[in-house]
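Observations on the three-dimensional arrangement
Spelled out, the chains give:
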Amino acid sequence: MTNEAIQEGYPSDHFAVFSSHNSKIKYTFDKIREVKSHRVGDLFSAYRDILWDDGRHKYNVSSFIGEIDEILLGERFSAFDQSTLDNLIGTLRQRGNSNATINRKMAALSKLLRKAYKMGDIHSLPEFRRQKERAGRIRFLERDEEARLFAAIRSRSEDAYRLSVFLVDSGCRLGEALGLIWNDIQERRVSFWITKSGRSRTIPMTERVKEVIKLPPTEGRRPKGPFTKLSQAQYRAIWNDAKAEVGLGADDQVVPHILRHTCASRLVQGGIDIRRVQMWLGHQTLSMTMRYAHLATNDLDGCVTVLETPRVCGGTNSVESSAFSSPLTTPSASKPARKSKSEAVKAGGKGSKAN
């Protein structure tokens, strides 16, 4: 093929053209991009509104990423390597972060870096390994604590009181309740569409919930939903004042989310199986609901009976009378020895003579 033939294709500056006697091949370089270096903070500014909805969670993520950027000293990178991630986790642990806190911060970083990788901003990702978390003690409100706290909340705001009752009886998250509109409430059920897991769910309402979702008669336009008059910041401020009044101010676990724990604990203690509790709370995995499984102790009461039963035969307290007895634990009743044929004949003879 001549040079004139090659020039007939008028290749642009973006193409390299190679020829042979049998074919002409074009190689394009349009998709080759220069990978620039970025700070973690720059990537967050670029993708935060895409990856996270507005709200408290986005605020927490902003704090996490800001701390990570500060630990990395604003270093720019085009590839986030494993040693950088390991050093970052080590620094967080030295600062006193628990494994659970480290996992939350790394989840935010992982989500951000994966997005940057897909968009071509960085060209490699480290392996994020979840740190082992200890199963901590779950705090929930006793009935008398609930009564005192709710009374203090009600003295400050009727709307905050109604919201508190709704949270403890529905077990929903604070953001889920504040995002409700009237169309989400139908007869005896309420549907949550804006959820953390992204999965909607519908649950029945208790009698208390049916009462508190009714707005008191007021003048003016009805709000969009039963709790839309309140913001998260307003409710938390009222909550903190009320808990300090009733002597719970020093307990850092008494936060609004404790009402969700309280609902879950009461369901499990009341004999509701874990799978239904998972559906009620809207947990994405059963392992999240298993945190409350230790409260389901009713099924273990019979074990005490077995352990306290004397290991003797006969009598009312014998192992034979246990409801949990089995062929492996229950001694079988002794059977009379089988008589030989000659003994049976002799016994029959003696009997006939007596007759």
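Right above here is the structure, for reference.
Computed from a predicted structure; not experimentally measured. In this convention, every chain numbers its residues from 1, walking through the sequence in written order. Per-residue local features of the predicted model are confined to residues with pLDDT of at least 70, and side-chain atom pairs are confined, for both listing and counting, to 80 or more; whole-chain, interface and lining totals are unaffected and use all residues. Calculated side-chain values reflect all of the structure's heavy atoms, with hydrogen atoms and water omitted.

What counts as a helix is a DSSP run of H or I of at least four residues, what counts as a strand is a run of E of at least two, and both are numbered from the N terminus. Each helix and strand counted, the protein has 15 helices and five strands in total. Exposed residues in this analysis have more than 50% of their type's maximum accessible area, buried residues have under 20%, and partly exposed residues fall in between, with area computed by a 1.4 Å probe over protein chains only. Put simply, the protein has 355 residues, and 35% of those count as buried. The contact criterion used throughout is that any non-hydrogen atoms of two residues lie within 4.5 Å. The long-range share in the protein, meaning contacts at least 24 apart out of those at least 6 apart in sequence, stands at 58%. Residue-level accessible areas treat just the shown protein chains as cover; the underlying method is Shrake-Rupley with a 1.4 Å probe. Carbon and sulfur atoms make up 51% of the accessible area of the protein, which amounts to about 23,700 Å² in all.

Attention now moves to the pairing of strand β5 (residues 201–204). Side-chain alternation along β5 places Arg 201 and Ile 203 on a buried face and Thr 202 and Pro 204 on a face that remains uncovered. Where strand β4 (residues 189–192) and β5 come together, four bridges link them in antiparallel fashion. When the sheet's bridge partners are listed, Ser 191 is paired in β5 with Thr 202. Two strands are counted as paired when DSSP detects at least two bridges linking them.

Here we come to the pairing of β4. Bridge count for strand β3 (residues 185–186) against β4 is two bridges, and the pairing is antiparallel. Bridging from a neighbouring strand, Gln 186 pairs with Arg 189 of β4. Connecting the antiparallel pair β3 and β4 is a turn made up of two residues, with Glu 187 showing a positive phi of about 50°.

Take unusual backbone geometry next. Here Leu 73, not a glycine, exhibits a phi torsion of approximately 60°, which is positive. Positionally, Leu 73 belongs in the loop between α3 (56–71) and α4 (82–94). Unlike most non-glycine residues, Glu 187 shows phi in positive territory, near 50°. When you line up the elements, Glu 187 lands in the loop between β3 and β4.

Moving on: the pattern of salt bridges. The salt bridge criterion pairs a side-chain nitrogen of Lys or Arg with a carboxyl oxygen of Asp or Glu, the two atoms within 4 Å. Under the criterion given, the structure shown has 22 salt bridges. A salt bridge links Lys 58 to Asp 49; the nearest nitrogen and oxygen atoms lie 2.5 Å apart. Given the relative accessible area of 12%, Lys 58 is considered buried. What makes Asp 49 exposed here is its relative accessible area of 56%. Lys 58 is paired through a salt bridge with Asp 54; the nearest N and O atoms lie 2.9 Å apart.

Criterion for a disulfide: a pair of cysteine sulfur atoms at a distance within 2.5 Å. Applying the stated criterion to the full structure yields zero disulfides. Not engaged in a disulfide, the cysteine Cys 263 finds its nearest cysteine sulfur in Cys 172; these two sulfurs lie 8.8 Å apart. What makes Cys 263 buried here is its relative accessible area of 5%.

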